[in-house]
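# Structure at a glance
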Amino acid sequence: TTMFSTLLELASWPCFQLWEFVRLPPAGPRVAVPPARPVADKFIDHVSVLLALVPKLLIAVFIMLPTIDFEAARTLSLRWMAVICVRDFLIHVGTAVVWDWLLYRVFRERLAPYKFNQNYPSREQIRRDLLWTTSATFLSSVQEIVVVHLWAKGHLSVYHDFWQYPLFSVLVLASMPYWRIVHFYIIHRGMHPWRTTRIPDLGRFLYKHVHSLHHKSNNPTALSGISMHPVESVAYFSAALLPLLAGASHPLHHLVTKVDLALGAIVGHDGFNSPGGASYTHYLHHAYFDYNYGESYVPLDYIFGSFISGPPSEVRKMRVAAGGAGSKTE
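Residues numbered from 1 in each chain as written. Predicted model: local features only at pLDDT ≥ 70, side-chain atom pairs only at ≥ 80, totals over all residues. Heavy atoms only, no water.

## Concerning the overall build of the protein chain
Across its full length, the protein chain holds 14 helices and 0 strands. What you see in the protein chain, going N to C, is helices and strands ordered as α-α-α-α-α-α-α-α-α-α-α-α-α-α. At 20 Å, the protein chain has a C-alpha radius of gyration in line with the 20 Å of a compact globule built from 330 residues. Seen through its C-alpha atoms, the protein chain measures out along the principal axes to roughly 60 × 55 × 40 Å. Counting the 330 residues in the protein chain, one finds 49% classified as buried. Within the protein chain, contacts between residues separated by at least 24 positions form 76% of all contacts whose residues are at least 6 apart in sequence. Surface summary for the protein chain: the accessible area is close to 15,900 Å², and the carbon and sulfur share equals 67%. With 28 positive and 22 negative side-chain charges, the protein chain shows a separation of 6 Å between the mean positions of the two kinds. (Helix = DSSP H or I, 4+ residues; strand = E, 2+ residues; numbered from the N terminus. Rg over C-alpha atoms; globule rule 2.2 N^0.38 Å. Buried < 20%, exposed > 50% of the residue type's maximum accessible area, 1.4 Å probe, protein only. Contact = heavy atoms within 4.5 Å. Areas by Shrake-Rupley, 256 points an atom, 1.4 Å probe, with all protein chains shown as cover. Lys, Arg positive; Asp, Glu negative; His and termini not counted. Charge placed at Lys NZ, Arg CZ, Asp CG, Glu CD.)

The structure is reproduced here in structure tokens:
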């Protein structure tokens, strides 16, 4: 039953979560966070990864794709470009604002036991995150506008019948969570200090001037998910360009990746255990800075020794024992 509920939760976001919010008692005891496994090595883990794509695929198929006018996109007219910008603002910024409103206002008392950090973010953080989330959203729209225009002009290969190449079409979508996280890990790890003296520490420079903006939200909410410096926004959303490297691609390959980049970050930063986003390992990254750069179903943190998990008190002890400081938020 628990396994079925978990799979249903992933495949039916946000309907299942809203139902769970309503069912929670008005106030309850603090809920302990179970330590995460460094490697998602069970079959059900990867079934979960694929099922989590369902709501994003539905958004791409029924909302994003119908708003693209490929005929009009042959010219750079404001009308079709504005549609993409407005649509993205409603999906990205709208989702983040509404999700935070639900978790931090409407169901605040019911969800308080599930919050990783019992402190609540400041209004200054919310305003800053709203600004930079809007910036990242606009830059992701510009990227899509360029790609769609190049498709329409014939400068990039595209096919519009998804089932023209069924095996290829499905394989790109099904594998997307994996190659997207590899891309994210490389970009993300590269923007943290490399701690090397043999070559210039470009990561330290990028952290100071770029990625530190994202880490100002050390007690993150949904609005923190894509609250990024413009340089990081462009690098982060460039994962949606990877299907173009395979030659001909279907628009859904770009769109589903883009939705996953946005909503995955938004929900994954909400700061709550299930039935919230339940991304405790990434919360620890914001709290302790140099751990958990990726996801356990692509276990690069385990391979490179940057994985950490466990109750906050144990994590602090491990962090101090390793020569680091305690939590930045507690």
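## Let's talk about the side chain of His253
Within the fold, His253 resides in helix H11 (residues 251-268). Polar side-chain contacts of His253 include one of 3.1 Å to the backbone oxygen of Ser169. Every residue in contact with His253, bar those within four places of it in the chain, is listed here: Tyr159, Phe162, Phe168, Ser169, Val172, Leu173 and Pro243. (Polar contact = N/O pair within 3.5 Å; in protein donor to acceptor, adjacent residues only side chain to side chain.)

## Examining the packing of aromatic side chains
All told, the structure shown has 16 aromatic pairs when counted by the stated rule. Seen in terms of ring centroids, Tyr185 and Phe304 are 6.1 Å apart; in terms of plane orientation they differ by 25°. Their pairing is stacked. Of this pair, Tyr185 sits in helix H8 (residues 166-190) while Phe304 is found in helix H13 (residues 300-304), placing the two residues 119 residues apart along the sequence. Here Phe304 falls in the exposed class, since its relative accessible area comes to 57%. (Phe/Tyr/Trp six-rings, centres within 6.5 Å; stacked < 30°, edge-to-face > 60°.)

## Some points on the packing of helix H9 (residues 202-215) against helix H12 (residues 280-288)
For the pair H9 and H12, the least separation of the axes is 10 Å and the interaxial angle reads 120°. Comparing the axis directions of H9 and H12 gives the class oblique. For the element pair H9 and H12, the recorded crossing hand is left-handed. Contacts from His211, His214 and His215 in H9 reach His282, His285 and His286 in H12. Each residue belonging to the contact of H9 with H12 can be placed in one class, and the counts come to no nonpolar, 6 polar and no charged. (Axes fitted to C-alpha atoms, helices over the stretch in contact; angles between N-to-C directions. Parallel < 35°, antiparallel > 145°, perpendicular 65-115°, else oblique. Left-handed = near helix turned anticlockwise from the far one by under 90°. Nonpolar A, V, L, I, M, F, W, Y, C, P; charged D, E, K, R; others polar.)

## Digging into the pattern of salt bridges
Under the counting rule described, the total for this entry stands at 12 salt bridges. Among the salt bridges present, the one from Lys258 reaches Glu144, with a minimum N-O distance of 2.5 Å. Of this pair, Lys258 sits in helix H11 while Glu144 sits in helix H7 (residues 123-153); the two residues are 114 residues apart in sequence, bridging distant segments of the chain. As far as the burial class goes, Lys258 and Glu144 line up, both buried. Put simply, Arg195 and Asp290 hold a salt bridge, and the shortest N to O gap is 3.3 Å. Of this pair, Arg195 sits in the loop between H8 and H9 while Asp290 sits in the loop between H12 and H13, placing them 95 residues apart in sequence. What makes Asp290 buried here is its relative accessible area of 14%. Among the charged side chains, a salt-bridge network with shared partners connects Arg87, Asp88, Glu144 and Lys258. (Salt bridge = Lys/Arg side-chain N within 4 Å of Asp/Glu carboxyl O.)

## Digging into the packing of helix H5 (residues 78-106) against H7
In the contact formed by H5 and H7, the axes pass within 9 Å of each other and the chain directions differ by 145°. Crossing of H5 over H7 shows right-handed handedness. For the pair H5 and H7, contact is made by Trp80, Met81, Ile84, Cys85, Arg87, Asp88, Phe89, His92, Val93 and Val97 and by Leu130, Thr133, Thr134, Thr137, Phe138, Ser140, Ser141, Glu144, Ile145, Val148 and His149, respectively. When the residues that make up the contact of H5 with H7 are grouped by side-chain class, the tally is 11 nonpolar, 7 polar and 3 charged.

## What about the nonpolar core?
In summary, soluble globular proteins display a tendency toward joint burial of nonpolar side chains. In terms of nonpolar packing, the biggest core is built from 39 residues, with Trp80, Trp99, Leu103, Leu111, Val256 and Leu263 touching the most fellow members. Mapped onto this core, the elements with two or more residues apiece are helix H4 (54-64), H5, H7, H8 and H11. The residues touching Leu111, leaving out its near neighbours within four places in the chain, are Phe21, Leu24, Leu103, Phe272 and Pro275. Of all hydrophobic cores here, the second largest spans 19 residues; its members include Ala40, Phe184, Tyr185 and Tyr236. (Core = buried A, V, L, I, M, F, W, Y, C linked by side-chain atoms within 4.5 Å.)

## Observations concerning a positive patch on the surface
On the surface, Arg105, Arg108, Arg123 and Arg127 cluster together into a patch of positive charge. Examined against the element boundaries, Arg105 turns out to sit in helix H5. (Patch = residues over 30% accessible without salt bridge, like charges linked within 9 Å, V, L, I, M, F, W, Y side chains within 5 Å.)

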